[in-house]
Every structure is written in structure tokens, then in C-alpha cells.
Amino acid sequence: TCGVARDCTDINKIDSELRVILESVPFGIMIEDNSEKLVSANSSLRKYFPDVVNYVGQNCREWKKSIIDRFENTEEKEFSVEVDGNICTLKFSEEAINDVFGEIIGKVLIFQDITIEKKLQIKTLENANTDYLTGLHNRRSLLAYFDKIKNTRQISLITIDLDNFKTINDTCGHKMGDHVLNETADVITNCFKNDFIARLDGDEFIVVITREIEREQLKTEVQGLIGSIIGKVSLRPKLGCITASAGISIGICE
């Protein structure tokens, strides 16, 4: 004869033993039983969803559905929520709770605050695609942009460089050269606010235009740009008269 003793403690009784542990973790946790009745929600979760307390002891299926509908990144199960006027990014996951016999007796739902990680991720991506000096796009960002717009009907390119820029660095120093580059970047940005602008290297810049534009109109805009660069940079007496050159290319896909 073989006798088996089995612990039939349900999840509601187990929860009372886990409450202290759940309150000590730094992310939101809720526990539900097999009927999707909310058994418990820790204080970290209530910080993000104060209304969750209204569902304790009740079926929380609709409440969960409202959370899932918020997913901005379906694959990663991420969404944003406002807390005390600040936007936080949460990552959602759920795991089954098994008893000692391996049978599922409920679920634990985890809401992890990844706001800092997302900000660092975005900042890292920005740094990788941004020119450190001028804040414009860099060559890497330009190549990615070309791939993005490869099916555009008309693409116009404007390349700009400052004439004899090396002389500025040699006679006035690299700090003054950096000022000139920043001022040039500002002028280009003001003249082509809605277009893609990148610094390629040194005093070389490029503007990518995807709007349809006639060659003569583009020439007029570029002439205005050159005049604005000369006018702004030449305000510094030590530099004398600074000139700039530009090239234009227009490609049309029929």
C-alpha cells in the first residue's frame, strides 16, 4: 500500500506568506489565481496603478486587457504610464505559479520600471548618430537615412564646405574653428529647417532634400545659404571674409 500526502494550500493562503517578500521588491507585482481573480498587488504596483486595489478579490481580466492594449512595443511588451507628472516606461511579463506537484495554481505578473534603461538606450543611439560638435546628424546617420528614403521619387543633395578652413585653425586656433563650424551648422539649419542635415567631416556638410523642388529654386536657396554663411561668419573681425562653396545634385526616379 502506498499513501501520498499532498499540500492543498491554495494560492490565497500562500499569498499571506509571500506578502513580506513581495513588498520588498523594487518593481510592481500582482498575483492572480487560476480564475484570474486578483489575490494581491504590492505597493510598487499601486504606485503606477492606484486603481488596482479595486480589483483585489475580483476578476481582473478586463483590467489586464486595458494594460495590454497600451503596449507600444508589442514584442517587448513595453508601455508608458504617467506617475506624478513624469512618464515612466514599464516592461510587462507574467509567469505561472506551480505547486510542489508542478501544477499551475496561479500567475505572477511583473511590471518592471525600465525608464532609466530606455533613456540611456535612446541617448546612446543619439550619440552614435550625432556629430559631437555641431549636434547635426553624422555620416552613420546619413547612410541609415539614405536606406530609409531609397524609394523616394526625388532626392536632392547639397554639399557645402568652407573655403580655406585650415587657415582659420592655423591662424586663429582650433577653438575659433569650432565656433565657425557651429555657426555654419546653425545657418544651414535655419535655411533648411525641414530637411536632413549632416556634418560629414571637418568643414564638409550635406543637406538631403526629399521634397520635390525645381533646380532653379534650389539654386536660389543655395545662393541664399552661401550669403548667410558669409554674412554670419564674417562678423568676426579676426577672420576676415570667409567664403563657402556648394554643389547641387538632383535625382529623379520615374
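The structure presented is a predicted model; accordingly, all values stated were derived computationally and were not measured.

Engineer: Can you walk me through the overall build of the protein in this structure?
Structural biologist: In terms of regular secondary structure, the protein is built from eight helices and nine strands. Counting every position in the protein, which comprises 254 residues, the buried fraction comes to 37%. For the protein, long-range pairs separated by at least 24 residues make up 54% of all intrachain contacts whose partners lie at least 6 apart in sequence. With an accessible surface of roughly 15,400 Å², the protein has 50% of that area assigned to carbon and sulfur atoms.

Engineer: How should I be thinking about the pattern of salt bridges in this particular structure?
Structural biologist: Opposite charge on two side chains permits them to pair, given that their charged atoms come into close proximity. This structure, assessed with the given rule, holds twelve salt bridges. A salt bridge links Lys64 to Glu32; the shortest N-O distance between them is 3.2 Å. Remark: Glu32 occurs in strand S1 (residues 28-33) and Lys64 occurs in helix H3 (residues 61-68); sequence separation between them is 32 residues. Given the relative accessible area of 11%, Lys64 is considered buried. For the salt bridge of Asp195 with Arg211, the shortest nitrogen-to-oxygen distance reads 3.0 Å. With Asp195 in the loop between helix H7 (174-191) and strand S7 (196-201) and Arg211 in the loop between strand S8 (204-209) and helix H8 (215-233), the pair connects residues that are 16 residues apart, well separated along the chain. You can call Arg211 partly exposed: its relative accessible area is 31%. Each member of the salt-bridge network shares a partner with another, and the members are Glu32, Glu36, Arg61 and Lys64.

Scoring rules and cut-offs
- Residues numbered from 1 in each chain as written.
- Predicted model: local features only at pLDDT ≥ 70, side-chain atom pairs only at ≥ 80, totals over all residues.
- Heavy atoms only, no water.
- Helix = DSSP H or I, 4+ residues; strand = E, 2+ residues; numbered from the N terminus.
- Buried < 20%, exposed > 50% of the residue type's maximum accessible area, 1.4 Å probe, protein only.
- Contact = heavy atoms within 4.5 Å.
- Areas by Shrake-Rupley, 256 points an atom, 1.4 Å probe, with all protein chains shown as cover.
- Salt bridge = Lys/Arg side-chain N within 4 Å of Asp/Glu carboxyl O.

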